[in-house]
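# Inside the fold
Now for the letters of each chain:
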Amino acid sequence: LSTGQRSTGYLPAADWLPQRWWLFLPSELFQEDDDDSCSDYGSRDKSGTILGRIMPDGNVLFPDTFQTNHILFYERFKAYQDYILADCKASEVKEFTAEYLEKVLEPSGWQAIWRTNVFEVLVEVVDVEYSTLKAVVRLSEPFLCDSHVSTFTLECMQELLELKKHQLPVQELWLWVVFDESGEFDQTALAIEHVRFFYQHIWRSWDEEDEDDFDYFVRCVEPRLRLHYDILEDRVPSGLIADYHNLLSQCEVLYRKFINLRSGLSSSDSDSEAENVSMVEGLKLYDEIEHLKQKLKLIENPLLRYVFGYQKHTGLQAKGSRPMGTKITHVVSSTIMASLLQSLLREKLCPETCDEELEIQFHSDPLTAVSACYEGDTVIICPGHYVVDGMFCIADSIELEGYGLPDDVVIEKRGKGDNFVDCTGANIRLSSLKLVQHDAVEGILSVHHGKTTLENCVLQCETTGVTVRTSAELLMKNSDLYGAKGAGVEIYPGSTCTLLGNGIHHCREGILIKDFLDEHYDSPKITMVNNVIHNNEGYGVVLVKPTVSSDVKDIAAKNSEGNTQTIQSNGETENVEDLGHAELHECARDELELHERAEISEQSEGNHEIANELVATSVKKSQIHKKRLSELGITEADDNIMSQEMFVSIVGNQFKRNGKGSFGTFLF
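The residue count restarts for each chain, going from 1 along the sequence in the order it is written. Per-residue local features of the predicted model are confined to residues with pLDDT of at least 70, and side-chain atom pairs are confined, for both listing and counting, to 80 or more; whole-chain, interface and lining totals are unaffected and use all residues. By convention in this description, side-chain values take in all heavy atoms of the structure and omit both hydrogens and water.

### A closer look at the environment of E462
- Put simply, DSSP H or I for four residues or longer makes a helix, DSSP E for two residues or longer makes a strand, and each gets a number counted from the N terminus. Relative to the helices and strands, E462 resides in the loop between strand 21 (458-460) and strand 22 (466-468).
- Taking the C-alpha atoms as reference points, E462 and H438, separated by 24 residues in sequence, lie 6.1 Å from one another.
- For this analysis, a polar contact is any N or O atom pair within 3.5 Å, provided that within protein one partner can donate a hydrogen and the other can accept it, and provided that sequence-adjacent residues contribute only side-chain to side-chain pairs. In terms of polar contacts, E462 uses its side chain to reach the side chain of H438, at 3.5 Å.

### Quick look at unusual backbone geometry
- Looking along the chain, the bond that leaves E141 and enters P142 is cis, with omega of 0°.
- By the secondary structure assignment, P142 is in the loop between strand 5 (134-139) and strand 6 (145-147).
- Positioned with a positive phi, D234 is a non-glycine residue whose angle comes to about 60°.
- Structurally, D234 can be placed in the loop between helix 6 (216-232) and helix 7 (238-266).
- Any residue under 20% of the maximum accessible area for its type is buried, any over 50% is exposed, and the rest in between are partly exposed; the area is computed with a 1.4 Å probe on protein chains only. In this structure D234 comes out as partly exposed when scored by relative accessible area, which is 36%.
- For S432, which is not a glycine, the phi torsion comes out positive at approximately 55°.
- Examined against the element boundaries, S432 turns out to sit in the loop between strand 17 (427-431) and strand 18 (434-436).

### Looking at the confidence of the model for the protein
- Put simply, the protein has an average pLDDT of 78, and 74% of its residues get 70 or more.
- Scored between 0 and 100, pLDDT is the confidence that the predictor attaches to each residue. Here, residues are in contact when the closest pair of their heavy atoms is within 4.5 Å. Confidence over residues 549-600 falls short of pLDDT 50; this stretch has 95 contacts with residues more than four positions distant or in other chains.
- Taken as a whole, residues 631-645 scores under 50 in pLDDT and shows 23 contacts with residues more than four places along the chain or in a different chain.

### A look at the sheet that holds strand 18
- Judged by pairing direction, the sheet is parallel, and its eight strands sit side by side in the order 12-15-18-21-24-27-30-33 without closing on themselves. Looking at which strands have only one partner, the edges of the open sheet turn out to be strand 12 (384-389) and strand 33 (654-656). If you compare each strand with its neighbour and ignore which way they point, the axes differ by 10° on average. By definition, two strands form a pair when at least two bridges between them are found by DSSP. Note on method: axes are straight lines fitted to C-alpha atoms, helices fitted across the in-contact stretch only, with angles between N-to-C directions ranging 0 to 180 degrees.

Spelled out as structure tokens, the structure:
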């Protein structure tokens with residue numbers, strides 16, 4: 001078959017179908033049956049346009065342009081998959097795009113606004129060079145131009161167009177099609193929008209040099225398109241977005257250096273020392289580029305973005321103690337009744353055991369009270385329903401205590417933001433509160449540094465629940481967490497997490513124990529006692545762990561022999577070879593490779609199985625790390641392997657009615 005063809009009959013398609021045959025079908029066949037929907041390629045038989053219009057702003061009276069920047073995800077997805085790229089390779093993208101434009105683009109007779117950072121000018125399209133993706137234009141009459149520089153006269157514009165041979169690339173954000181009510185140019189406006197969007201947000205300069213044996217749409221276009229819309233719809237944390245754009249910029253710079261270096265090598269026939277140095281530098285650049293590309297793929301893939309961790313720097317600065325060393329008790333209440341004040345004085349503010357005089361401040365908003373805190377302060381929140389527009393950033397060791405039952409002291413978040421509560425203080429305590437999360441991108445509570453204690457709280461989540469990051473510690477006791485669209489609790493490598501007597505339910509997964517793709521950290525220290533993990537969509541507990549090659553397995557087996565602590569086999573067969581980063585993204589692209597376990601005596605077996613798996617994973621990670629160091633010529637003291645393992649105490653937990661079972665693993 002020729003590239004891009006799919007046979008649907010018994011005869012070879014190449015014998016009787018032209019290449020990209022669907023481009024020659026009438027546009028009516030692509031119309032939806034639903035009256036409320038329409039094709040991306042509006043029918044010319046319709047009277048009037050189906051697109052909106054954008055009014056110009058500025059001093060020059062430019063005509064209105066088509067509004068094409070409101071296209072939904074599924075509309076772009078369908079356009080790229082069905083009409084533009086199909087199953088093409090990266091090296092065929094330009095060819096497929098040219099044939100698509102030749103099918104749907106009006107060759108002449110339409111106007112557009114040529115926009116740059118310096119000027120805007122109205123032009124008329126007289127022809128289209130489809131093979132080069134360029135439109136042949138001339139200045140419209142009358143001459144309309146808006147510029148930040150007064151020197152752009154009619155003569156200057158004509159000279160500039162002559163230098164460009166009157167050809168403008170349609171993919172470089174330059175052409176905005178002038179609005180036409182007849183509907184004749186709807187397809188033209190949409191086609192230019194799709195091509196412009198593709199080259200601005202989807203295409204990478206290095207794509208054409210990547211592996212060409214895979215479907216480019218599935219491998220690159222779909223994940224990048226989904227990421228773009230996830231960012232638009234506030235589904236990706238701001239820190240991760242900044243990391244992604246920073247990685248893109250770094251990769252572009254290194255790739256340009258690599259191309260220039262390679263061009264210099266190819267044009268030189270000498271075998272000098274300088275040439276050899278350039279080759280070494282080129283290999284180093286290539287390795288750096290590949291490393292950055294793998295990090296980009298990790299962020300682009302929604303599954304890998306979910307199961308793998310990423311480093312986040314909060315930048316929160318602790319205030320420390322007040323200059324005089326005083327500590328203040330902050331009381332939060334919308335209204336203060338006499339009976340409430342008497343109870344507070346008797347039970348909290350002036351107890352019989354207190355010999356010190358307390359300084360008290362009153363607030364009507366818990367966010368204001370927390371912002372006013374210094375090291376060692378206490379915030380007492382009286383019964384009520386508090387709606388806050390923002391997030392709590394707690395950088396000092398303070399205590400937030402609800403005065404009453406958690407359901408009586410409700411703090412509800414409104415407005416955008418990554419988290420509801422960010423904790424970086426050395427010793428933070430939250431108790432007897434109900435936190436209700438709305439619109440947070442990342443989670444209801446994140447512990448970045450220090451220790452946070454969460455006791456007798458109710459957490460009503462909307463995205464992720466509680467996140468315990470590297471080097472942080474969480475003690476969560478007698479609390480109830482539910483409703484997370486991600487995991488109820490995310491545990492990062494190098495953290496300490498103690499869960500005692502909690503309920504974690506109605507989340508995507510109960511607990512997700514993450515890992516980093518290309519960084520080594522000690523396994524987390526986990527204690528789980530008497531928790532009830534139930535009615536989650538996926539697994540009760542999911543562990544992200546590396547696969548190990550046969551030589552590392554042999555080493556781990558030898559080092560584990562004779563140890564007093566037994567690591568039992570849990571029935572899992574390790575038959576997956578050690579995967580490189582590239583294979584990882586291909587294997588785990590669309591589905592979480594979780595290994596289901598038979599749930600015989602689910603309550604008792606679940607605790608034993610999870611404990612054994614976590615300890616075994618710690619052994620494997622330690623051996624992989626040692627193997628990598630030995631390959632680099634670095635040796636470490638051969639300490640007792642069990643001293644490097646994850647501290648695990650998993651006892652008395654109940655796992656009920658989780659959609660996929662008590663425990664699953666994600667192998668990488």
